[in-house]
Amino acid sequence: MARAIAVAESARLHASPNPWVGAVLVTSAATYQAATAPPGGPHAEVSVLQLAAEAGDAVAGSTLYTTLEPCAHFGRTPPCVDAIVAAGVRRVVVGLVDPDPKVAGRGVDALRGKGVEVSVGSGAEAVERQLAPYLKHRRTGRPWVVLKLAATMDGWTAAPDGSSRWITGEAARRDVHELRAASDAVLVGAGTVRADDPELTVRHARASRQPLRVVLGRAPEHAKVRPALELSGDLGDVLDHLGRLGVVQLLVEGGAKVAHDLHAAGLVDRYVLYLAPALLGGAVGRPLFDGAGAATIADAWRGRIVSARQLGEDLRVELAHAPEARAS
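In this report, we go over the structure that sits alongside the text. (Residues numbered from 1 in each chain as written. Predicted model: local features only at pLDDT ≥ 70, side-chain atom pairs only at ≥ 80, totals over all residues. Heavy atoms only, no water.)

### Digging into helix α7 (residues 170-181)
Consideration 1: Taking 1.5 Å per residue as the helical rise, α7 with its 12 residues ought to reach 16 Å, and the 17 Å between its terminal C-alpha atoms agrees with that figure.
Consideration 2: Looking at the buried side of α7, the elements it contacts are β6 (144-152), β8 (185-189), β11 (249-252), β12 (270-276), β14 (303-311) and β15 (314-321). (Helix = DSSP H or I, 4+ residues; strand = E, 2+ residues; numbered from the N terminus. Expected span 1.5 Å × (residues − 1). Contact = heavy atoms within 4.5 Å.)

This is how it looks when you write it as structure tokens:
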């Protein structure tokens, strides 16, 4: 299962809105591995069976490890369950049951109904982490929301005159492009568009497609972000709308008012902060969040640090909700 989880990472940038799944097939002669193809292509389980068939290997009696429950319904491709049964696989080890209503245990039941031995839960915690955006989307209908923030060490996102390019260095900016490449959509407020005129495209990272560009409000007619989807209204409704469009991961890049409103509403799943070794050194500047915050330290939001690493001269810190206070 650890090997299946590792190979699933190779599908992270091209599988969405499908899950990025890894599969490992163990026959009496060899071991094969494969990941989910881009939408419309074969799922990981079918791909790994094809590899064995192309090698002339006898699959009957083999064991298949897959990070997510095989599908039992027709979508863009035929059911994986049918291919597994037809190949004569004896045992299937599943990391997680797929919460997609079209699957949701039907794949496991169908396999068992055909006499295939199935066990569920191997590596479940690691698969849950790996597929967190997909799982949230299928469970709630909303995208996984990543809020990207960049600031000086004393907490300012811009100088008093509004200048902010560049707070962070080249390595941090490349990392932001990798975040964009892993996201289905990138969202900013109309104020950020007017102030910075960003393109919000992936230019400094490998990408299988460009993310959908979303503006809260109206973008100026000749803004670089166009063409973009322009939305307004309740933020929960905005997330519901993007979820219906198939946005599994949403990257939010500003501005401070949008960041505040999403944070205050508990709608952020991951915070990614890029901290530069710079100090404005005063009590004036543009803050990370523009709006009312906690009045006392007892009311401060407290999460957990998922990771912290240096990128060039900057520090990248990823925060998540504490286990007892997940975002919805």
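Don't stop here, the text continues.
### Quick look at the sheet that holds β6
Consideration 1: Strand order across the open sheet formed by eight strands is β10-β9-β8-β11-β6-β12-β15-β14, with mixed pairing between neighbours. At either margin of the open sheet sits one strand with a lone partner, and together these are β10 (229-231) and β14. Strand-to-strand twist of the sheet, defined as the mean angle between neighbouring strand axes without regard to direction, takes the value 25 degrees.
Consideration 2: Relative to strand β9 (residues 212-216), β8 runs parallel, the two sharing five bridges. Paired with Gly 189 across the strands is Leu 216, a residue of β9.
Consideration 3: Against the sheet, helix α9 (residues 235-244) engages β6, β8, β9, β10 and β11, with an angle of about 150 degrees to β10. (Pairing = 2+ DSSP bridges. Axes fitted to C-alpha atoms, helices over the stretch in contact; angles between N-to-C directions.)

### A closer look at the packing of helix α3 (residues 80-87) against helix α4 (residues 106-113)
Consideration 1: Closest axis-to-axis distance for the α3/α4 pair is 10 Å, and the angle between their directions is 25 degrees. In terms of their interaxial angle, α3 and α4 are classed as roughly parallel. Where α3 crosses over α4, the handedness of that crossing is right-handed. Residues Val 81, Ile 84 and Val 85 of α3 form the contact with α4, whose participating residues are Gly 107, Ala 110 and Leu 111. (Parallel < 35°, antiparallel > 145°, perpendicular 65-115°, else oblique. Left-handed = near helix turned anticlockwise from the far one by under 90°.)

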